[in-house]
Amino acid sequence: MALSDLLAVPNSLESRDRRSVLHPMTDLVRHDREGPLVIDHGEGVRVYDDTGRAYIEGVSGLWSISLGFGQERLVKAAAEQMAKLSSYHMFRFKSHEPGIELAEKLLALAPSPMSKVFFANSGSEAADSAMKLVWYYNNAIGRPEKKKIIGRIGGYHGVTIASGSLTGLARNHTDFDLPIARVLHTDCPHFWRYGLPGESEEAFATRLADNLEKMILAEGPETVAAFFAEPVMGSGGVIVPPATYFDKIQAVLKKYDVLFVVDEVICGFGRLGDLFGCNTFNLKPDIMTMAKGLSSGYLPISAVMISEPIWQACLSESSKIGVFGHGFTYSGHPVCAAVALETLAIYEDLDIVARVRRMAPVLQDGMAALADHPLVGETRGLGLVGALEIVKDKAKKESFPPAANIGLYIERRCQEHGVILRALGDALTIAPPLIVEKADIHEILRVVAVALDETLDHVRREGLM
Ligand SMILES: Cc1ncc(COP(=O)(O)O)c(C=O)c1O
């Protein structure tokens, strides 16, 4: 097409092909039939579609937009940094003030002693980098056999080849030829779903820690390098670990000298009512990954924090090889770093952790009040994240057949009523921006209650229940 033809095309959404994007994590057949919801702008906890209709963003986009939309201070921080130093890298002895200041700040906030910060652009890249650092570390200290990495069924760490392998969800593996070798998955810590009849939470936690130990022994402890976990699993359906779980898991890791990598991509920066999930569950990581809330999702930036022994290994390997051969063009991008710094400053000014603690009971108690609904098998959550598990039979904890697409159905009903939520399988998840007000949480819960009733009508009409 000639430039003149292109310019002749009217500049409106109506004239555009809304199906030209290959949409991530989407039922593509349905998408091709129906097209996307086009979001035009946002303010506070609300977004507005291209017809002007408002929705409460009940999952903060992808659990990321913690400070809501249109935060003027973040817009200003980005604009000022863009004008001063729009872009620069951190390769070959170069750096810049926002990158240095952000690393320093993160180290000061770290829940247990950390030594250095490596910057990347996404949670997936952070997990990939952490995996590479684990391998690099074991090569540096003369343990070339100790390379296997254990994730968990239901865990989510991203979608790149390495982080996607670590993710423990079939939908992210099937026909992508994942997982790669050297990546294993241990149990999902979902007590309601996998606890045995009569088993206590503590006994369930003991059984899972025993299973992890059996896996390490079966593989050979000299081959197992690291264990990755989210404090509360997000994309696996908001799974809060059972009491004593992480204490017992950490004891096993220590026993076999297995590194602990904590993925704080969702939990970090206040979501659970602590600055990090590590604070909530008393985790002592060797490596931490973070993203999303780091910049309130405004610009892509992620970070990997490493402990002193891993830093020392990086030093010795790079002196042997001549260079630390890892890094991205946009590692620590100055505009992203400036926005992240301002995000952290706003969290401090708002005392975001205290705010989440104040609002958490409104959400958690409100969800618990829906537990008697015939479709709700379990309500669960912590801080400002939660989920309702939709089931066909509460007593038997039986799910609807996947083909019934109940999760998607109820998600759509919520959207029809002006609340964007996300169903992961049949778990309807709620994770509003951390600046959410009580009235917004009440509105989200009111809509969920209406959507539950409508979904009940639907499954009865369709003979699914
Ligand atoms: C816990 C966790 N880790 C890693 C990722 C991957 O992040 P990204 O999508 O930025 O690659 C996600 C994304 O949802 C996540 O929830």
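Cut-offs used in this document
- Residues numbered from 1 in each chain as written.
- Predicted model: local features only at pLDDT ≥ 70, side-chain atom pairs only at ≥ 80, totals over all residues.
- Heavy atoms only, no water.
- Helix = DSSP H or I, 4+ residues; strand = E, 2+ residues; numbered from the N terminus.
- Rg over C-alpha atoms; globule rule 2.2 N^0.38 Å.
- Buried < 20%, exposed > 50% of the residue type's maximum accessible area, 1.4 Å probe, protein only.
- Contact = heavy atoms within 4.5 Å.
- Areas by Shrake-Rupley, 256 points an atom, 1.4 Å probe, with all protein chains shown as cover.
- Lys, Arg positive; Asp, Glu negative; His and termini not counted.
- Charge placed at Lys NZ, Arg CZ, Asp CG, Glu CD.
- Near = heavy atom within 4 Å.
- Polar contact = N/O pair within 3.5 Å; in protein donor to acceptor, adjacent residues only side chain to side chain.
- Nonpolar A, V, L, I, M, F, W, Y, C, P; charged D, E, K, R; others polar.
- Axes fitted to C-alpha atoms, helices over the stretch in contact; angles between N-to-C directions.
- Parallel < 35°, antiparallel > 145°, perpendicular 65-115°, else oblique.
- Left-handed = near helix turned anticlockwise from the far one by under 90°.
- Pairing = 2+ DSSP bridges.
- Core = buried A, V, L, I, M, F, W, Y, C linked by side-chain atoms within 4.5 Å.
- Domains from an automatic or database assignment.

Caption draft 1: Up close: the overall build of the protein chain. Helix and strand content of the protein chain: 16 helices and 15 strands. The C-alpha radius of gyration computed for the protein chain amounts to 23 Å, which stays within 12% of the reference 23 Å derived for 465 residues, consistent with globular compactness. With the C-alpha coordinates of the protein chain rotated into their principal frame, the extents come out at 70 × 65 × 45 Å. Counting only residues that meet the buried cut, the protein chain has 52% of its 465 residues in that class. A separation of at least 24 residues holds for 70% of the contacts in the protein chain among residues at least 6 apart in sequence. When the accessible surface of the protein chain is split by element, carbon and sulfur atoms take 55% of a total near 20,700 Å². In the protein chain, 47 positive and 58 negative side-chain charges are present, and the distance between their average locations comes to 3 Å.

Caption draft 2: Expanded view of unusual backbone geometry. Cis geometry is adopted by the peptide bond preceding proline 179, which originates at leucine 178 and carries an omega value of 5 degrees. Here proline 179 lies in the loop between α7 (161–166) and β6 (183–186). Phi at aspartate 177 takes a positive value of approximately 60 degrees, unusual for a residue other than glycine. For aspartate 177, the position within the fold is in the loop between α7 and β6. When its relative accessible area of 69% is taken as the criterion, aspartate 177 is described as exposed. Residue arginine 182 is not a glycine yet carries a positive backbone phi of 75 degrees. Locating arginine 182 in the fold gives a position in the loop between α7 and β6.

Caption draft 3: The site of the ligand, seen in detail. Near the ligand, the surroundings consist of Ser122, Gly123, Ser124, Tyr156, His157, Gly158, Glu230, Asp263, Val265, Ile266 and Lys292. The contact in question runs from an oxygen atom of the ligand to an N or O atom on the side chain of serine 124, over 2.5 Å. Taking aspartate 263, its side chain carries an N or O atom lying 2.7 Å from a nitrogen atom of the ligand. Protein burial of the ligand: of its 390 Å² of free accessible surface, 83% is covered by the chains. Here the residues of the shell around the ligand sort into 3 nonpolar, 5 polar and 3 charged.

Caption draft 4: Representation of the packing of helix α4 (residues 72–84) against helix α13 (residues 334–350). Contact geometry for α4 and α13: axes closest at 9 Å, N-to-C directions at 150 degrees. It follows that α4 is roughly antiparallel to α13 by the angle criterion. Regarding α4 and α13, the two cross each other, and that crossing is right-handed. Across the interface between the two elements, Arg73, Leu74, Ala77, Ala78, Gln81 and Met82 of α4 pack against Pro334, Val335, Ala338, Val339, Glu342, Thr343, Ala345, Ile346 and Asp349 of α13. Here the contact of α4 with α13 is composed, by residue class, of 10 nonpolar, 2 polar and 3 charged.

Caption draft 5: Just the sheet that holds strand β7 (residues 224–229), in detail. Spatial strand order, β4-β10-β9-β8-β7-β5-β6: 7 strands in an open sheet with mixed pairing. Both outer strands of the open sheet, β4 (116–120) and β6, are each paired with one neighbouring strand and no more. The mean angle between the axes of side-by-side strands here comes to 20 degrees, regardless of whether they run parallel or antiparallel. The strands that helix α10 (residues 245–255) touches are β5 (148–152), β7 and β8 (259–263); relative to β7, the one it contacts most, it runs at about 165 degrees.

Caption draft 6: Region of interest: the sheet that holds strand β12 (residues 385–390). Taken together, 4 strands build an open sheet; the order of strands is β11-β12-β15-β14 and the sheet is antiparallel. Edge positions in the sheet fall to β11 (376–382) and β14 (422–424), since each has one partner strand and no second. In this sheet, adjacent strand axes meet at a mean angle of 25 degrees when their direction is disregarded. Bridge count for β12 against strand β15 (residues 427–430) is 4 bridges, and the pairing is antiparallel. By the bridge assignment for β15, glycine 386 is matched with isoleucine 430.

Caption draft 7: Layout of the environment of proline 113. Tracing the backbone shows proline 113 in the loop between α5 (97–109) and β4. Here proline 113 falls in the exposed class, since its relative accessible area comes to 73%. Note: C-alpha distance between proline 113 and methionine 305 (192 residues apart in sequence) is 9.7 Å.

Caption draft 8: Local environment of the nonpolar core. In this structure, Leu102, Leu106, Phe227 and Val448 are the most contacted members of the largest nonpolar core, which totals 99 residues. Each of two domains, domain 1 (3–70 + 352–461) and domain 2 (74–350), supplies a minimum of three residues to this core. The residues touching phenylalanine 227, leaving out its near neighbours within four places in the chain, are Ile150, Arg152, Thr186, Leu212, Tyr245, Ile249, Leu253, Val258, Leu259, Phe260 and Val261. Core analysis: the next-biggest nonpolar cluster, separate from the first, contains 25 residues, Ala126, Leu133, Ile149 and Ile310 among them.

Caption draft 9: Seen up close, the pairing of β12. Most of β12 is tucked away: 6 of the 6 residues are buried. Pairing of β11 with β12, which is carried by 6 bridges, proceeds in the antiparallel orientation. Paired with glycine 381 across the bridge in β12 is glycine 386.

Caption draft 10: Main features of the side chain of serine 296. Counting through the fold element by element, serine 296 comes out in the loop between β9 (287–290) and β10 (302–306). Discounting chain neighbours no more than four positions away, the residues touching serine 296 are Ser64, Ile65, Ser66, Leu67, Gly68, Leu74, Thr343 and Tyr347.

Purely geometric stuff here, so don't read any function into it on its own.
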